[in-house]
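The residues making up each chain are set out below.
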Amino acid sequence: MRRPARPGEIVLFDRSWYNRAGVERVMNFVTDEDCERLITMVPVVVREMIVNNGIILRKYFLDVSQDE
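It should be emphasised that the depicted structure is a prediction, and the values quoted were computed from it without experimental measurement.

A.B. asks: Can you help me understand a nonpolar patch on the surface in this one?
C.D. replies: A cluster of nonpolar side chains, contributed by V23, V26, M27 and F29, occupies part of the molecular surface with about 440 Å² of accessible area. Secondary-structure assignment places V23 in helix α1 (residues 23–26). Looking at V23, the relative accessible area reads 45%, which means it is partly exposed.

A.B. asks: What exactly am I supposed to notice about unusual backbone geometry here?
C.D. replies: Glycine aside, residues mostly have negative phi, and peptide bonds are mostly found in the trans state. We note that N28 has phi near 60°; this positive angle belongs to a residue other than glycine. Position of N28 relative to the elements: it lies in the loop between α1 and α2 (32–50). A relative accessible area of 66% places N28 in the exposed class.

A.B. asks: Help me understand α2, please; the structure alone is not making it clear to me.
C.D. replies: For an α-helix, 3.6 residues make a turn, and residues three or four places apart therefore share a direction. The first and last C-alpha atoms of α2 sit 26 Å apart over 19 residues, in line with the 27 Å expected at 1.5 Å per residue. Of all the bends found along α2, the most pronounced is centred on M41 and spans about 30°, while P43, a proline, follows it within four residues. Those residues of α2 that sit buried are C35, L38, V42 and V46. In this fold, the buried residues of α2 make contact with α1.

A.B. asks: Would you mind showing me how to read the environment of I50 here?
C.D. replies: Counting through the fold element by element, I50 comes out in helix α2. Non-local contacts of I50, meaning those with residues more than four positions away in its chain, are made with V45, I55 and L57.

A.B. asks: Please explain the pattern of salt bridges as it appears in this structure.
C.D. replies: If charged atoms from side chains of opposite charge come close, those side chains can pair. Taken as a whole and judged by the stated rule, the model has three salt bridges. Among the salt bridges present, the one from D34 reaches R37, with a minimum N-O distance of 3.1 Å. Residue D34 and its partner R37 are both found in helix α2; the two are separated by three residues, about one turn of the helix. For R37, a relative accessible area of 45% gives the class partly exposed.

A.B. asks: Would you explain the environment of I39 in this entry?
C.D. replies: Structurally, I39 is set in helix α2. Setting aside anything within four residues of it in sequence, one finds I39 in contact with A21 and R25.

The rules behind these values
Residues numbered from 1 in each chain as written. Predicted model: local features only at pLDDT ≥ 70, side-chain atom pairs only at ≥ 80, totals over all residues. Heavy atoms only, no water. Patch = residues over 30% accessible without salt bridge, like charges linked within 9 Å, V, L, I, M, F, W, Y side chains within 5 Å. Areas by Shrake-Rupley, 256 points an atom, 1.4 Å probe, with all protein chains shown as cover. Salt bridge = Lys/Arg side-chain N within 4 Å of Asp/Glu carboxyl O. Helix = DSSP H or I, 4+ residues; strand = E, 2+ residues; numbered from the N terminus. Buried < 20%, exposed > 50% of the residue type's maximum accessible area, 1.4 Å probe, protein only. Expected span 1.5 Å × (residues − 1). Bend = angle between axes of the 7 residues up to and from the residue. Contact = heavy atoms within 4.5 Å.

In structure tokens, the structure reads:
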């Protein structure tokens, strides 16, 4: 288990926890109900457990082409 972030600390996460709504859905690894539940829960978790606890959240989206 990772310890909580400290003031001034920068923590990076990859987007793999969104896979259920994207890749896993396309590959038929999860049901439509699972995807809907995730899409409904993610904004609540981000707001209630991250932002409302004083953490400044920045999301950066990178697009890597096939050539790269």
